[in-house]
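# Coordinate inspection notes
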Amino acid sequence: QVQLVESGGGLVQAGGSLRLSCAASGSIFSIDSMGWKRQVPGKQRELVAAITSGGTTNYADSVKGRFTISRDNAKNTVYLQMNSLKPEDTAVYYCHAYGLGPRGDFGSWGQGTQVTVSS
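This text gives an overview of the structure that appears in the document. All residue numbers refer to position in the chain's written sequence, counted from 1. Since the coordinates come from a predicted model, pLDDT governs what is reported: local features require at least 70, and pairs of side-chain atoms require 80 or more to be given and counted, while whole-chain, interface and lining totals use all residues. Hydrogens are left out, water is left out, and the side-chain values use all remaining heavy atoms of the structure.

### Observations concerning the side chain of Thr113
One can find Thr113 in strand S11 (residues 113–118). Whether two residues are in contact is decided by their heavy atoms: any pair within 4.5 Å suffices. When sequence neighbours within four positions are dropped, the list of residues in contact with Thr113 reads Glu6, Gly8, Gly9, Leu20, Ala91, Val92 and Tyr93. For the purposes of this entry, the term helix denotes a DSSP run of H or I that reaches at least four residues, the term strand denotes a run of E that reaches at least two, and both are numbered from the N terminus.

### A few points about the sheet that holds strand S8 (residues 77–82)
Pairing is antiparallel across the open sheet formed by four strands, whose spatial order is S1-S3-S8-S7. Looking at which strands have only one partner, the edges of the open sheet turn out to be strand S1 (2–7) and strand S7 (67–72). For this sheet, the mean inter-axis angle between neighbouring strands, taken without regard to orientation, is 15°. At least two DSSP bridges between two strands are required for those strands to pair. Relative to S8, strand S3 (residues 18–26) runs antiparallel, the two sharing six bridges. Note that in S8 the partner of Cys22 across the bridge is Val78. Angles run from 0 to 180 degrees between N-to-C directions of axes, and those axes are lines fitted to C-alpha atoms, restricted for helices to the stretch in contact.

### Considering the nonpolar core
Across soluble globular proteins, nonpolar side chains show a tendency to be buried alongside one another. If you look at the biggest cluster of nonpolar residues, it comprises 30 residues, and the most contacted ones within it are Met34, Trp36, Leu80, Met82 and Tyr93. Mapped by element, the contributors of at least two residues to this core are S1, S3, strand S4 (30–39), strand S5 (46–52), S7, S8, strand S9 (91–101) and S11. The set of buried Ala, Val, Leu, Ile, Met, Phe, Trp, Tyr and Cys residues whose side-chain atoms join them within 4.5 Å is what this entry labels a nonpolar core. Residue burial is assigned from relative accessible area. The probe radius is 1.4 Å, only protein chains are included, and a residue is buried under 20% of its type maximum, exposed over 50%, and partly exposed in between.

### What about the state of the cysteines?
Disulfide assignment relies on a single distance test, namely cysteine sulfur atoms paired within 2.5 Å. A full pass over the atoms with the stated rule returns one disulfide. The disulfide partner of Cys22 is Cys95, and the S-S distance across this bridge is 2.1 Å. Judged by the sign of its S-S torsion, about -85°, the cystine formed by Cys22 and Cys95 is left-handed. On the criterion of sequence distance, the pair formed by Cys22 in strand S3 and Cys95 in strand S9 is long-range, its members being 73 residues apart. Pair check on accessibility: Cys22 and Cys95 agree, each one buried.

Purely spatial values, then, with no claim about function.
Printed below as a string of structure tokens:
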């Protein structure tokens, strides 16, 4: 069983910054990829950013240059530094992780954290 807990969401003004954190816990041998997706009601959940075990990153075009994803392997934690926030960044942000555990490959998702950007 692998659990993810997100934190760091909140309300900020446009142009402000937030830092999201996601900590994975449970029986984990290795994590291949961690990242963040976001969802607005009525819209498809979309990938925001992801980082592989090798450090390769992937960002949605809409956040490139503004968001930075990083990881702390020792803590099984991934971070999303969000700068220059825009109202269109408002969404529930969900952490995800894929890797290997005692039962084989796993995929886990967090409960989500709300990010609201006011104009």
